[in-house]
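Structural overview
Each chain is listed here by its residues.
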Amino acid sequence: MSDTRSDGELLRAIAADGDRRAFEELYRRFAPWLTARLRGRCADAGVVDDVVQETFLAVWRGTARYRQEGDVAGWLWRVGSRRLVDALRGDGARGRLRQALARLRHRDEASAEERVLAGVEHGDLAGALISLSPELRAVLQATVIDGLTTREAAVLLGIPPGTVKTRAMRARKQLREALA
């Protein structure tokens, strides 16, 4: 029988009582989604699987605390994406990351996030986003959509933090001009 508690109730039960059934239900609800999202950022399935496990271990152990702000999926994404950045900082991670990003840059099919960014439902914003270079869009995606810090985005994208700041400024300026 499936648990019918809300995501927030599951997290509270895990934090307060170490409720294993609540944890299992939370994992069933979000692990496949988190895995798919992280695979859009890292082509190494082993690293992604480790990050998903570390994310849920942090939830179970209480080292990642939900402050009941925003939705649970967004919170799990922030925890998982930061864990991915940490994992990619390890030995050889920069090289693996560059390879993964190079494969992503040269593929023909847009990711789900890119399709949403460019979707018709956004009206003029879609056209403005499409007009940005892939490098500027990648910085916006990492910092605005994924909520990463400049330093985390720099690690994820394999560029210096100053370049992240410069590209973010250029992207914002181009968007303002396009939407004015």
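The following refers to the structure shown.

Cut-offs and rules
- Residues numbered from 1 in each chain as written.
- Predicted model: local features only at pLDDT ≥ 70, side-chain atom pairs only at ≥ 80, totals over all residues.
- Heavy atoms only, no water.
- Helix = DSSP H or I, 4+ residues; strand = E, 2+ residues; numbered from the N terminus.
- Contact = heavy atoms within 4.5 Å.
- Phe/Tyr/Trp six-rings, centres within 6.5 Å; stacked < 30°, edge-to-face > 60°.
- Buried < 20%, exposed > 50% of the residue type's maximum accessible area, 1.4 Å probe, protein only.
- Lys NZ or Arg CZ within 6 Å of the ring centre and 35° of its normal.

1. What about the environment of leucine 26?
- Topologically, leucine 26 is positioned in helix α2 (residues 20-39).
- When the C-alpha atoms of leucine 26 and serine 6 are compared, they prove to be 9.4 Å apart, with 20 residues separating the residues in sequence.
- Those residues in contact with leucine 26, other than ones at most four positions away along the chain, are Asp7, Leu10, Leu11, Ile14, Ala31, Phe56, Val59 and Val72.

2. Structural notes on the side chain of serine 81
- Along the chain, the position of serine 81 falls in helix α4 (residues 72-88).
- Every residue in contact with serine 81, bar those within four places of it in the chain, is listed here: Leu38, Asp146 and Leu148.

3. Some details on the packing of aromatic side chains
- Using the criterion set out here, one finds 4 aromatic pairs in the structure.
- On the basis of an interplanar angle of 75° and a centroid distance of 6.3 Å, the ring pair of phenylalanine 23 and phenylalanine 56 is categorised as edge-to-face. With phenylalanine 23 in helix α2 and phenylalanine 56 in helix α3 (residues 45-61), this residue pair connects regions lying 33 residues apart in the sequence. Each member of the pair, phenylalanine 23 as well as phenylalanine 56, is classed as buried.
- On the numbers, 6.4 Å between centres and 75° between planes, the contact of phenylalanine 30 with tryptophan 33 is edge-to-face. Linking phenylalanine 30 with tryptophan 33, this pair stays in helix α2, spanning 3 residues, or about one helical turn.
- By relative accessible area, phenylalanine 30 is classed as buried at 9%.
- Of the residues examined, tryptophan 33 reaches a relative accessible area of 31% and is grouped as partly exposed.
- If you follow arginine 37 out to its NZ or CZ, it ends over the ring of tryptophan 77, 4.0 Å from the centre.

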